[in-house]
Amino acid sequence: MHSPELLLRQKIHDCYSEIFEKELIDKIVKVGHFDTIKDGELLIDIGSDMTHIPLILDGVVKIIRKEKNGEEIVLYFLERGSTCAISFVNCINNKKSIFKGVVESTIEAVFLPVEYIDEWLANYKSWRHFIIDSYHFRLLEMVESIDGLAFMKMDERTLKFLTDKVKISNNTDLNITHQEIADDLNTSRVVITRILKQLHDENKIYSTRNKIRVLEYFE
DNA sequence: ACATTAAGTGATT
DNA sequence: AATCACTTAATGT
């Protein structure tokens with residue numbers, strides 16, 4: 001017999017034992033609520049209060065910035081073993097979220113109430129490091145994303161988008177439509193269709209309706 | 001069989 | 001690279 005708490009402890013241990021000391025993991029198990037959020041659901045919206053911070057145990061969250069005119073731009077993805085670093089500052093200052101987080105593939109996460117994260121910052125070295133590292137990593141991702149926008153052509157961006165997806169999902173077969181890619185890259189479906197056709201002809205991908213297999217990519 | 005949604009294409013800006 | 005307008009193909013009911 002496994003109690004839910006034991007299972008949760010195991011999962012947290014699998015993802016975070018390298019990062020957090022035992023004592024902190026115990027506390028996380030004690031105060032965190034475990035939850036599963038399905039594909040396509042909204043994790044956090046712009047303007048909502050941050051009451052909890054998620055530690056992702058499995059799945060992917062897409063972080064989006066919304067422009068005033070309603071345009072959206074994808075900033076980065078949260079994966080297993082990571083968290084939304086930006087949300088820490090929001091939590092500590094009681095500010096509202098400036099980003100939107102949509103679940104890309106069903107996530108399992110532990111939600112930590114705000115009141116603990118500040119206290120742990122003072123008391124646990126591993127927690128401090130985790131937060132700083134996490135912030136640093138997000139910054140690097142943002143820079144990468146800006147580089148992409150500024151310097152890469154649409155075909156390069158498309159291929160990068162696809163290979164990133166492959167890395168994240170650990171699967172060379174992607175279930176995605178041309179329209180969805182276009183939305184994420186802020187372009188039109190027609191453009192994506194033409195680029196994909198080209199990539200297909202170059203034997204870099206194999207694509208059929210609703211499905212793309214990435215044939216060539218390097219880690 | 002029909003309707004709906006995804007994908008392909010030429011022409012134009 | 002974007003948009004339009006239209007065609008063709010795949011899929012759901």
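Residues numbered from 1 in each chain as written. Chains lettered and ligands numbered in written order. Predicted model: local features only at pLDDT ≥ 70, side-chain atom pairs only at ≥ 80, totals over all residues. Heavy atoms only, no water.

Can you walk me through the layout of surface pockets in this structure?
One way to see where empty space is left: roll a probe the size of a water molecule over the atoms. If you add up the space inside the largest pocket, you get close to 700 Å³. What lines the largest pocket is a set of 23 residues, among which Leu75, Phe77, Glu144, Lys160 and Asp164 lie closest to the centre. Looking at the lining of the largest pocket, the elements with two or more residues in it are strand S4 (72-78), helix H5 (125-151), helix H6 (154-169) and helix H7 (178-185). Here the element with the most residues in the lining of the largest pocket is H6; it accounts for seven residues. Residues belonging to the lining of the largest pocket are distributed by class as follows: 11 nonpolar, three polar and nine charged. Among the domains, domain 1 (4-150) and domain 2 (152-214) are the pair contributing at least three residues each to the lining of the largest pocket. Volume-wise, the second largest pocket comes out at about 590 Å³. At the level of secondary structure, the elements contributing two or more residues to the lining of the second largest pocket comprise strand S3 (52-66), S4, strand S5 (100-113), H6, strand S6 (173-174) and H7. The element contributing the most residues to the lining of the second largest pocket is H7, with four residues. Broken down by class, the residue content of the lining of the second largest pocket amounts to eight nonpolar, six polar and 10 charged. (1 Å grid on protein atoms, 1.4 Å probe; cavity = no way out; pocket = protein on both sides within 12 Å on 5 of 7 lines; lining within 4 Å. Points joined across faces, edges and corners; volume = space filled by probe spheres on them. Helix = DSSP H or I, 4+ residues; strand = E, 2+ residues; numbered from the N terminus. Nonpolar A, V, L, I, M, F, W, Y, C, P; charged D, E, K, R; others polar. Domains from an automatic or database assignment.)

Would you mind going over the protein's contact with DNA strand B with me for this structure?
Taken together, Thr177, His178, Arg189, Val190, Thr193, Arg194, Lys197, Arg209 and Asn210 are the residues near DNA strand B. Restricting the count to atoms of DNA strand B within 4 Å of the protein gives a sugar and phosphate share of 43%. Here Arg194 contributes a side-chain N or O atom positioned 2.6 Å from a base nitrogen of DNA strand B. Side-chain polar atom of Arg209 to a base oxygen of DNA strand B: 2.8 Å apart, as the coordinates give it. A total of five residues in the surface near DNA strand B trace back to one element, the largest contributor, which is helix H8 (residues 189-201). Its residues placed into classes, the surface near DNA strand B shows one nonpolar, four polar and four charged. (Near = heavy atom within 4 Å. Polar contact = N/O pair within 3.5 Å; in protein donor to acceptor, adjacent residues only side chain to side chain.)

Even after reading the chapter, I still don't get the packing of helix H3 (residues 85-93) against helix H4 (residues 114-123), so can you show me in this structure?
In a pair of packed helices, the angle between the axes and the distance between the axes together describe the arrangement. Put simply, H3 and H4 touch, their axes get as near as 9 Å, and they point 100° apart. As the angle between them shows, H3 and H4 are arranged roughly perpendicular. Where H3 approaches H4, its residues Phe88, Cys91 and Ile92 are matched on the opposing element by Val114, Ile117, Asp118 and Leu121. Considered class by class, the residues forming the contact of H3 with H4 number six nonpolar, no polar and one charged. (Axes fitted to C-alpha atoms, helices over the stretch in contact; angles between N-to-C directions. Parallel < 35°, antiparallel > 145°, perpendicular 65-115°, else oblique. Contact = heavy atoms within 4.5 Å.)

Just checking my understanding: could you explain the protein's contact with DNA strand C for this structure?
Every residue lining DNA strand C is accounted for by Lys153, Met154, Asn186, Thr187, Ser188, Val190, Val191, Arg194 and Arg209. Backbone atoms, meaning sugar plus phosphate, form 67% of the atoms of DNA strand C positioned within 4 Å of the protein. Arg194 is positioned with one of its side-chain polar atoms (N or O) 3.4 Å from a base oxygen of DNA strand C. Here the surface near DNA strand C gets three residues from one element, more than from any other, and that element is H8. A per-class count over the surface near DNA strand C returns three nonpolar, three polar and three charged.

Please explain the domain arrangement of chain A as it appears in this structure.
One frequently used descriptor of interface size is the decrease in accessible area upon assembly of the parts. Its domain assignment divides chain A into domain 1 (4-150) and domain 2 (152-214). Measuring from the centre of the C-alpha atoms in domain 1 to the corresponding centre in domain 2 gives 27 Å. Taken together, the contacts link 14 residues of domain 1 with seven residues of domain 2. The contact between domain 1 and domain 2 buries some 830 Å² in all, and 45% of this surface belongs to carbon and sulfur atoms. Taken together, the connections running from domain 1 to domain 2 amount to three salt bridges. We note a salt bridge from Asp184 to Lys62, for which the minimum N-O separation is 3.0 Å. Viewed at the interface, domain 2 and domain 1 are joined by five residue pairs in polar contact (both at pLDDT 80 or more). (Buried area = accessible area lost by both parts, 1.4 Å probe. Salt bridge = Lys/Arg side-chain N within 4 Å of Asp/Glu carboxyl O.)

Explain the sheet that holds strand S7 (residues 205-208) to me, please; I cannot follow it from the model alone.
Paired through backbone hydrogen bonds, the strands of a sheet run either parallel or antiparallel to each other. One open sheet holds the three strands; their spatial order is S6-S8-S7, and the pairing between them is antiparallel. Pairing within the sheet leaves two strands with one partner each, and these edge strands are S6 and S7. Looking at chain direction, S7 and strand S8 (residues 211-214) are connected through four bridges and run antiparallel. Of the residues in S8, the one forming a bridge with Ser207 is Ile212. Its contacts with the sheet place H8 against S7 and S8, and it is angled at close to 130° to S7. (Pairing = 2+ DSSP bridges.)

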